[in-house]
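# Coordinate analysis (summary)
Each chain, written out:
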Amino acid sequence: MRPSDLTRFKQKGHPIAVLTAWDSLSASLAEAAGADVVLIGDSLAMVALGHATTLPVSLDQMLHHTQAVARGLTAMPADQPLLVCDLPFLSYQCGEDRAVAAAGRLLKESSAAAVKLEGAEPEVVTVIDRLVRMGIPVMGHLGLTPQAVHRLGYRRQATDAISQERLLDHARTLEQKGCFSLVLEHVPSELASKVQQALSIPVIGIGAGESCDGQVRVTADLLGLTTKQPPFSPALVDGRQLFIEALKGWVNQTRNQTPPITGNTHDNQ
């Protein structure tokens, strides 16, 4: 899979399935499920590292987990899903040179073929333009942007006419600057449909309705492994409880086993 394949999927009306992964095990599950794209999202800060937000994860940690994800893929390279890695907080907000160095390192030292970054502020747009010109594929992200949690919270975004028109303008700008696709998170479905129709690049939704060109989900949410579920991503199975019960069964079985009889030291002499 290459970034350009996603545009071809949109043109053919082929829905795009994106799953996140954070280690070799989750990557192998996503690949076996047939995901078109595996996203090493900075959500791993919460899913794998125990943080309350995505902000604390570092570039070194994102690289470490991306390398682990790549090792979990077993298909021939030509048949593997597209690997996209999130640029973590402060790896691209501090200028073009730093952003190019961060993104370049992810692509150079791992099997990632593209990076994702959030927002469409003038500074971010400048960074996207530079990355694309340097040959680094970029996936955009608008709507609820978790790295801006202290400003936006986790509530639905673009709920009024003015903010919706602004988001549509931002989406067009990201396409013009060369983004090969766009993640649209937690916005009204009517707006997502307008964005999908306005852009020639794929629009991949999460909590944005069914009119997008594809969907992305945090794998741990779908498997019911997280303690708090997003309202737009219900668990497919209660994985957490299922695994806890299985492990409890093993613990109880182990505790109830009759301990081996050990001979008296003096008797054995």
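An account of the accompanying structure is given in this report. Remember, predicted model here, so these are calculated numbers, not experimental data. (Residues numbered from 1 in each chain as written. Predicted model: local features only at pLDDT ≥ 70, side-chain atom pairs only at ≥ 80, totals over all residues. Heavy atoms only, no water.)

## A short note on the sheet that holds strand E5 (residues 138-143)
Read around the closed barrel, eight strands run E1-E2-E3-E4-E5-E6-E7-E8, paired in parallel fashion. Pairs of neighbouring strands in the sheet enclose a mean axial angle of 25 degrees, with direction left out of account. Across five bridges, E5 lies against strand E6 (residues 181-185) in parallel orientation. Of the residues in E6, the one forming a bridge with Gly143 is Glu185. (Pairing = 2+ DSSP bridges. Helix = DSSP H or I, 4+ residues; strand = E, 2+ residues; numbered from the N terminus. Axes fitted to C-alpha atoms, helices over the stretch in contact; angles between N-to-C directions.)

## Quick notes on the packing of helix H5 (residues 96-109) against helix H6 (residues 122-133)
Between H5 and H6, the shortest axis-to-axis distance is 9 Å and the interhelical angle comes to 50 degrees. Overall, the two elements H5 and H6 adopt an arrangement that is oblique. Crossing geometry of H5 relative to H6 is assigned as right-handed. Along the contact surface, H5 presents Glu96, Asp97, Ala99, Val100 and Ala103, while H6 presents Thr126, Val127, Arg130 and Leu131. Looking at the contact of H5 with H6 residue by residue, the classes come out as five nonpolar, one polar and three charged. (Parallel < 35°, antiparallel > 145°, perpendicular 65-115°, else oblique. Left-handed = near helix turned anticlockwise from the far one by under 90°. Contact = heavy atoms within 4.5 Å. Nonpolar A, V, L, I, M, F, W, Y, C, P; charged D, E, K, R; others polar.)

## Brief notes about the layout of surface pockets
A volume near 850 Å³ is recorded for the largest pocket. Its residues assigned to classes, the lining of the largest pocket comprises 16 nonpolar, nine polar and seven charged. Here the second largest pocket defines a volume of roughly 510 Å³. Taken together, 22 residues form the lining of the second largest pocket, with Glu121, Gly143, Thr145, Arg151 and Leu152 sitting closest to its centre. (1 Å grid on protein atoms, 1.4 Å probe; cavity = no way out; pocket = protein on both sides within 12 Å on 5 of 7 lines; lining within 4 Å. Points joined across faces, edges and corners; volume = space filled by probe spheres on them.)

## Considering empty space enclosed by the protein
Enumeration over the complete set of coordinates arrives at one cavity of 30 Å³ or more. Lining the largest cavity are Thr20, Ala21, Trp22, Gly41, Ser43, Leu44, Val47 and Val218. When the residues that make up the lining of the largest cavity are grouped by side-chain class, the tally is five nonpolar, three polar and no charged.

## Some remarks on the pattern of salt bridges
Tallying each qualifying case throughout the model produces ten salt bridges. Where Asp5 meets Arg8, a salt bridge forms, and the shortest distance between an N and an O atom there is 3.1 Å. Of this pair, Asp5 and Arg8 both sit in helix H1 (residues 3-12), three residues apart, which is roughly one turn of that helix. By relative accessible area, which is 16% here, Asp5 ends up buried. Of the residues examined, Arg8 reaches a relative accessible area of 34% and is grouped as partly exposed. One salt bridge in this structure joins Arg151 and Glu121, with 3.8 Å as the shortest N-O distance. Highlighted residues: Arg151 in helix H7 (residues 149-152) and Glu121 in the loop between strand E4 (114-116) and H6, separated in sequence by 30 residues. (Salt bridge = Lys/Arg side-chain N within 4 Å of Asp/Glu carboxyl O. Buried < 20%, exposed > 50% of the residue type's maximum accessible area, 1.4 Å probe, protein only.)

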